[in-house]
Amino acid sequence: MTMSGSGSGSGGVLPRRAAVIVFLAFAFAYFLSALVRAVTATLAPTLAQEFSLHARDLGLLAGGYFLGFSATQLPLGTWLDRHGPKKVALGFLGVAVVGSLVFSAATGFSGLLAGRVLCGAGVSACLMAPLTGYRRWLEPVAQMRANSWMLMTGSLGMVASTLPVQWALPLVGWRPLFWGLAVLIAVSMVVIALWVPGWGPAGRAQAESGAAEAVPQGYGVVWRHPYFQRLAPLGFFCYGGMVAMQTLWAGPWMQRVAGYTALESATGLFWINVSMLCTFWTWGMVNPWLLRKGFGADRLMAMGLPLCSVVLLGIILAGPQAGGGAWALFCVSCTFVSLSQPAVAMAFPQALAGRALSAYNLVIFVGVFVVQWGIGLAVDAFAAAGLATVPAFQAAMAVYLACNAGAYAWFLLRGRRHNVLTTPTP
């Protein structure tokens, strides 16, 4: 990460060493949040057997995390702008500790769902808090790199949720895994409390000064912004759908369509997440060079996003022949849409960064919830209509593909109609 300036504290650009320490502190918490998010894909066969869950139940259970996550986004953005990343992250992570303990003690589906909703709400600040801080603490190019490397850390958490969890299940069971997660989340709170600076007097002065007066309060200015409106469908279907496949439906597809065993499915998920980790690391390395060459976020998304639709179409047509490698290719091809997050932040003034990021994150995670549950409902509906398992999955994915294509078309059409802010070039 390249930082400049000699500012210390939270009122301006952080020096390099302080920025790296802050990044690592938040990255540890985000690693854990991604592990908690994705672990249901690995646990799905175990939970389905123990609690007699249907496809729609699995979709709702995985989506419950994102329901809790989404419910906090609007107040989260306001609190981030007002109180800063440190205080907000610590408060929310305490809820995640409770959620992990509730999930571990569940005796039925309602207990599992309550635990997942609490976990989702509790870790909902783990990415938005640092991204809000980076908007003030880092320069534009460093923001793009830090965003990609935070997502890389999340992919590392998802890697940890696959084979390591599958190996641990026969040894300790799934309930103690969540006891351990509760302890680790509490440790991350201590790390953030010790290493991350407060918003500080300088940061508050900036938020309460002329910058705040020049920017309207509330979320209306965010929802009405043409660039936000242009990206919203991509965030909902493409970004949300990528997470939905990575954290849930790639696993059931591998088992119920491609015929994988539980261990083979966990191995497939492991390599999917390793692929994502490497991809986000690469994005962080090449983003500064791409920006200098004139390849901003909008241009890269316009060029790259059709790839994920082509890959998904291939998966649908291949059916049982499409396994973990195909889903890894799909998720990797979707990562172009991750560039939209820092682009949204930089399209708004610093005093609105928390609200802009949280509003966009709300769009993404409502999309995750809708796609996860919607595919489960669609699979069950097509099966009830007489389709076998494989055609039912193919038909559900075809509906999702149509939604993806519509979101991309909207992105292109709105780009021609509006002059929008572009990612700054260094």
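This structure is a prediction, so every number in the text was calculated from the model and none was measured.

The rules we used
- Residues numbered from 1 in each chain as written.
- Predicted model: local features only at pLDDT ≥ 70, side-chain atom pairs only at ≥ 80, totals over all residues.
- Heavy atoms only, no water.
- pLDDT = per-residue confidence, 0-100.
- Helix = DSSP H or I, 4+ residues; strand = E, 2+ residues; numbered from the N terminus.
- Contact = heavy atoms within 4.5 Å.
- Expected span 1.5 Å × (residues − 1).
- Bend = angle between axes of the 7 residues up to and from the residue.
- Buried < 20%, exposed > 50% of the residue type's maximum accessible area, 1.4 Å probe, protein only.
- Core = buried A, V, L, I, M, F, W, Y, C linked by side-chain atoms within 4.5 Å.
- Lys, Arg positive; Asp, Glu negative; His and termini not counted.
- Salt bridge = Lys/Arg side-chain N within 4 Å of Asp/Glu carboxyl O.
- Axes fitted to C-alpha atoms, helices over the stretch in contact; angles between N-to-C directions.
- Parallel < 35°, antiparallel > 145°, perpendicular 65-115°, else oblique.
- Nonpolar A, V, L, I, M, F, W, Y, C, P; charged D, E, K, R; others polar.
- Phe/Tyr/Trp six-rings, centres within 6.5 Å; stacked < 30°, edge-to-face > 60°.
- Lys NZ or Arg CZ within 6 Å of the ring centre and 35° of its normal.

Asker: Looking at this structure, how should I read the confidence of the model for the chain?
Answerer: Close inspection of predicted coordinates is inappropriate in any region flagged by low pLDDT. Summary statistics for the chain give a mean pLDDT of 86 and a share of 91% for residues scoring 70 or more. Ranking the elements of the chain by mean pLDDT puts helix α11 (residues 210-214) last, at 46, and helix α16 (residues 306-318) first, at 97. Predicted confidence is poor over residues 2-10, with pLDDT under 50, and the contacts of this stretch with residues over four places away or in other chains come to 24 contacts.

Asker: Whenever I open this one, helix α13 (residues 226-257) confuses me. Can you help?
Answerer: An α-helix turns once every 3.6 residues. As a result, residues three or four positions apart point the same way. Given a rise of 1.5 Å per residue, 32 residues ought to cover 46 Å, yet the end C-alpha atoms of α13 are separated by just 41 Å, more than 12% below that figure. At Trp249, α13 shows its largest bend, some 55°, and a proline, Pro252, comes one to four positions later. Among the 32 residues in α13, 27 count as buried, and that is most of the element. Phi turns positive one or two residues past the end of α13, at Gly259, with a value near 80°.

Asker: Explain the nonpolar core here, please?
Answerer: Across soluble globular proteins, nonpolar side chains have a tendency to be buried as a group. Phe26, Leu47, Trp174, Leu234, Met245, Trp327 and Phe330 are the most contacted members of the largest nonpolar core, which has 144 residues in total. In this structure Phe26 touches Pro85, Ala89, Cys126, Ala129, Pro130, Tyr134, Trp137, Met150, Ile192 and Val196, once residues within four positions along its chain are discounted. Judged by nonpolar contacts, the second largest core, of 5 residues, contains Leu163, Ala266, Phe270 and Val274.

Asker: Any chance you could explain the side chain of Asp57 here in plain terms?
Answerer: Within the element layout of this structure, Asp57 appears in helix α2 (residues 55-71). Arg56 provides the closest opposite charge to the buried, unpaired Asp57, separated from it by 4.6 Å. Asp57 has contacts with Ser52 and Phe109, leaving out every residue within four places of it along the chain.

Asker: Could you clarify how one ought to interpret the side chain of Ser333 in this entry?
Answerer: Within the fold, Ser333 resides in helix α17 (residues 324-334). The contacts of Ser333, once residues within four sequence positions are left out, are Gly304, Leu307, Cys308 and Val311.

Asker: Would you explain helix α6 (residues 128-137) in this entry?
Answerer: Of all 10 residues that make up α6, 10 are buried, and the element is covered over most of its length. Turning to α6, its buried residues number three or more, namely Met128, Ala129, Pro130, Leu131, Thr132, Gly133, Tyr134, Arg135, Arg136 and Trp137.

Asker: For this particular structure, what's the right way to read the packing of helix α1 (residues 16-51) against helix α5 (residues 109-122)?
Answerer: It is the contact of α1 with α5, at a shortest axis distance of 13 Å, that shows an interaxial angle of 180°. Our classification of the angle between α1 and α5 gives roughly antiparallel. In this structure, α1 uses Val36, Arg37, Val39, Thr40, Leu47 and Phe51 to contact α5, whose residues at the interface are Phe109, Leu112, Arg116 and Cys119. Looking at the contact of α1 with α5 residue by residue, the classes come out as 7 nonpolar, 1 polar and 2 charged.

Asker: Would you mind showing me how to read the environment of Ala322 here?
Answerer: In this fold, Ala322 is placed in the loop between α16 and α17. On the basis of relative accessibility, which here comes to 3%, the residue Ala322 falls in the buried class. Put simply, Ala322 and Val257 are 65 residues apart on the chain and 8.5 Å apart in space, counted from C-alpha to C-alpha. Aside from chain neighbours lying at most four places away, what touches Ala322 is Trp253, Ala258 and Ile315.

Asker: Help me understand unusual backbone geometry in this model?
Answerer: Leaving glycine out, the prevailing phi sign among residues is negative, and the prevailing peptide bond configuration is trans. Of note in this structure, Ser52 is not a glycine but carries a positive phi near 55°. With respect to the helices, strands and loops of the structure, Ser52 is situated in the loop between α1 and α2. On the basis of relative accessibility, which here comes to 56%, the residue Ser52 falls in the exposed class.

Asker: It is not clear to me how the packing of aromatic side chains should be interpreted in this structure. Could you clarify?
Answerer: Both the distance between ring centres and the angle between the ring planes are used here to describe each pair of aromatic rings. Taken as a whole and judged by the stated rule, the model has 18 aromatic pairs. Taking the centre distance of 4.4 Å and the plane angle of 35° together, the rings of Phe103 and Phe178 count as tilted. Of this pair, Phe103 sits in helix α4 (residues 85-104) while Phe178 sits in helix α9 (residues 174-195), and the two are 75 residues apart along the sequence. Judged by relative accessible area, which is 0%, Phe103 ranks as buried. Each ring, one from Trp283 and one from Phe336, has its centre 5.2 Å from the other, and the planes form 80°; the classification is edge-to-face. Of this pair, Trp283 sits in helix α14 (residues 262-292) while Phe336 sits in the loop between α17 and α18 (340-346), and the two are 53 residues apart along the sequence. Taking the relative accessible area as the measure of exposure, Trp283 reaches 9% and is therefore buried. Judged by its relative accessible area of 17%, Phe336 falls in the buried class. Over the aromatic face of Phe411 sits the side chain of Arg230, whose NZ or CZ is 4.0 Å from the ring centroid. Taking the ring centre of Phe295 as reference, the NZ or CZ of Arg299 above it sits at 4.1 Å.

Asker: For this particular structure, what's the right way to read the pattern of salt bridges?
Answerer: Oppositely charged side chains may form a pair once their charged atoms are brought near each other. Counted under the stated rule, the structure contains 4 salt bridges. A salt bridge links Asp81 to Arg355; the shortest N-O distance between them is 2.8 Å. Here Asp81 is found in helix α3 (residues 73-83), whereas its partner Arg355 is found in helix α19 (residues 353-384), with 274 residues between them in sequence. In this structure, the salt-bridge partner of Arg230 is Asp298, at a minimum N-O distance of 3.4 Å. Here Arg230 is found in helix α13, whereas its partner Asp298 is found in helix α15 (residues 297-304), with 68 residues between them in sequence. Here Arg230 matches Asp298 in class, with each residue buried.

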